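A structural walkthrough
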Amino acid sequence: MKRNRNQIDGSKETKATKLSKSSIDDTKNTNKEIIDDNIENSDDDNNTNIQANDNEKRKIIVILDKASLETVKTKKGEFQLMNCDDHLSIMRKHSKNPEDYRPDIIHQELMAVLDSPLNKAGLVKVYIHTDKNVLIEINPATRVPRTFKRFSGLMVQLLHKLKIRSADGKDVLLKVIKNPISRHLPAGAVCYGFSQKGVLHKPSHFANKLPESGPIVLVLGAMATGSINNNDHPYMQELISISQYPLSGVVAINRVLGAIENYLGVV
């Protein structure tokens with residue numbers, strides 16, 4: 001799949017691009033209005049729905065939850081993806097916690113999922129749920145930009161246009177869809193959440209206990225602090241921990257997907 005060429009490159013913050021408090025508030029309201037006004041029409045476009053392969057025996061659905069994806073508007077009128085490296089002074093000025101603005105985490109996790117052999121075998125479907133309650137569907141054939149700068153530009157474009165197409169325009173690679181996530185999960189799916197607070201399992205033991213057939217849902221956090229809990233995902237059957245030590249999201253994803261690959265015989 002060719003990578004989308006119309007990506008918007010992010011740029012580093014300068015003194016001239018510092019925002020007033022009203023600029024940030026206006027940006028949030030603008031983003032919300034754009035999504036609320038257009039998401040319904042976007043979902044009605046049946047020709048752009050990302051379809052699953054009907055011939056697959058099972059699907060591993062990965063939900064990357066609480067991702068930090070928020071845009072800000074500079075005085076130059078440019079939209080940028082808020083992050084703790086380029087906009088630290090703005091966050092301090094308006095008493096924002098820099099730990100809440102780590103879009104690099106979802107960038108790394110998304111690459112880990114889409115680059116996995118399990119996804120290349122056609123067994124994975126991915127959703128991103130942001131901390132601002134925006135739900136994004138990812139085409140498994142999407143190649144995520146390797147650099148964070150290009151990834152930031154792509155996310156800004158997605159949050160404003162609500163969908164990103166392939167270079168030839170034939171396929172939808174990323175798309176903002178309606179909440180809640182439960183409406184997009186197949187009937188009978190068994191859902192597992194991952195947190196250090198969950199029941200400790202070796203990754204191989206967890207994979208061996210998976211149902212022999214039917215879709216599996218895996219909920220993993222994409223935030224710097226906090227954890228997944230049943231209040232946010234009441235459809236989770238079990239909360240799992242795969243290490244006695246705290247793990248980064250990327251390491252947790254690699255351990256979980258690697259164990260499932262071994263269990264299913266995906267090399």
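1. Section: helix α5 (residues 148–161)
Between its terminal C-alpha atoms α5 stretches 20 Å, which fits the 20 Å expected from 14 residues at 1.5 Å a residue. One or two positions beyond α5, positive phi appears at L162, with a value near 75°.

2. A few points about the pairing of strand β8 (residues 190–200)
As paired strands, β8 and strand β9 (residues 216–221) are joined by 4 bridges and run parallel to one another. Pairing of C191 across the sheet is with V217, part of β9. The parallel pair β8 and β9, bridged by helix α6 (residues 203–208), forms a crossover whose chirality is right-handed. One ladder, built from 5 bridges, connects β8 with strand β10 (residues 238–241); its direction is parallel. For Y192, the partnering residue across the bridge sits in β10 and is E238.

3. Some remarks on the pairing of strand β5 (residues 135–138)
Here β5 shows a buried face lined by L135 and E137 and a second buried face lined by I136 and I138. Note: strand β4 (residues 124–130) against β5, 4 bridges, orientation antiparallel. Note that in β5 the partner of V126 across the bridge is I138. Connecting the antiparallel pair β4 and β5 is a turn made up of 4 residues, with N133 showing a positive phi of about 65°. By the bridge criterion, 4 bridges tie β5 to strand β7 (residues 172–177) in an arrangement that is antiparallel. Across the sheet, the residue bridging to E137 is K175, located in β7.

4. Notes on the packing of helix α3 (residues 103–114) against helix α7 (residues 249–264)
At a closest axis distance of 9 Å, the pairing of α3 and α7 adopts a crossing angle of 15°. Relative to α7, the element α3 lies roughly parallel. You can see that α3 and α7 cross each other, and the crossing is right-handed. Contacts between α3 and α7 involve Q108, E109, A112 and V113 from the first element and G249, V250, I253, N254 and L257 from the second. In the contact of α3 with α7, the residues fall into 5 nonpolar, 3 polar and 1 charged.

5. Some details on the pattern of salt bridges
Summed over all chains, the structure comprises 6 salt bridges. In this structure, D115 and R146 form a salt bridge, with 2.9 Å as the shortest nitrogen-oxygen distance. Taken together, the residues span a long stretch of sequence, with D115 in the loop between α3 and α4 (117–120) and R146 in the loop between β5 and α5 at a distance of 31 residues.

6. Re α3
Turn by turn, an α-helix covers 3.6 residues, leaving residues three or four places apart pointing in a common direction. For α3, with 12 residues, the first-to-last C-alpha span of 17 Å sits near the 16 Å given by 1.5 Å per residue. Across the 12 residues that make up α3, a large majority, 10, are buried. Taken as a whole, α3 has its buried residues at P103, I105, I106, H107, E109, L110, M111, A112, V113 and L114.

7. Overview of the sheet that holds β9
Pairing within the open sheet is mixed, and its 8 strands lie in the order β6-β7-β5-β4-β1-β9-β8-β10. Bordering the open sheet on either side are β6 (163–165) and β10, each of which pairs with just one other strand. Adjacent strand axes in the sheet meet at a mean angle of 25° when their direction is disregarded. Note: β6 against β7, 3 bridges, orientation antiparallel.

8. Let's talk about the packing of aromatic side chains
Counted under the stated rule, the structure contains 3 aromatic pairs. Plain terms: the ring middles of F148 and F151 are 6.4 Å apart, the flat faces sit at 35° to each other, and that makes the pair tilted. In this pair, F148 and F151 both sit in helix α5, 3 residues apart, roughly one turn of the helix. Judged by its relative accessible area of 25%, F148 falls in the partly exposed class. Plain terms: the ring middles of F194 and F206 are 5.3 Å apart, the flat faces sit at 80° to each other, and that makes the pair edge-to-face. Of this pair, F194 sits in strand β8 while F206 sits in helix α6, and the two are 12 residues apart along the sequence. Note on F194: relative accessible area 10%, which makes it buried.

Conventions we followed
Residue positions within a chain follow its written sequence, with the count starting from 1. At least 70 in pLDDT is required for a residue's local features to be given in this predicted model, at least 80 for side-chain atom pairs to be given and counted, and no such filter applies to totals for whole chains, interfaces and linings, which use all residues. Side-chain calculation: all heavy atoms of the structure are included, whereas hydrogens and water are not. Counting from the N terminus, the helices are DSSP H or I runs at least four residues long and the strands are E runs at least two residues long. For a helix, the expected span equals 1.5 Å multiplied by the number of residues minus one. At least two DSSP bridges between two strands are required for those strands to pair. We call a crossover right-handed when, viewed with the strands running away from us, the connection from the first strand over the helix to the second turns clockwise. The classification of residues rests on relative accessible area computed with a 1.4 Å probe and restricted to protein chains. Under 20% of the type maximum is buried, over 50% is exposed, and intermediate values are partly exposed. Inter-axis angles, ranging from 0 to 180 degrees, are taken between N-to-C directions of lines fitted to C-alpha atoms, where helices are fitted over the stretch in contact. Should an angle lie under 35 degrees it is considered roughly parallel, over 145 roughly antiparallel, and from 65 to 115 roughly perpendicular; all remaining angles are considered oblique. For any helix crossing, the convention is left-handed if the near helix is rotated counterclockwise from the far helix by under a right angle, and right-handed if that rotation is clockwise. Throughout, a residue-residue contact means that at least one pair of heavy atoms, one from each residue, lies within 4.5 Å. Residue type decides the class: Asp, Glu, Lys and Arg count as charged, Ala, Val, Leu, Ile, Met, Phe, Trp, Tyr, Cys and Pro as nonpolar, and the leftover types, Gly among them, as polar. A pairing counts as a salt bridge when a side-chain nitrogen of Lys or Arg comes within 4 Å of a carboxyl oxygen of Asp or Glu. For this analysis, a ring pair means two rings from Phe, Tyr or Trp (six-membered ring only for Trp) whose centres lie within 6.5 Å, classed as stacked if their planes differ by under 30 degrees, edge-to-face if by over 60, and tilted for the remaining angles.

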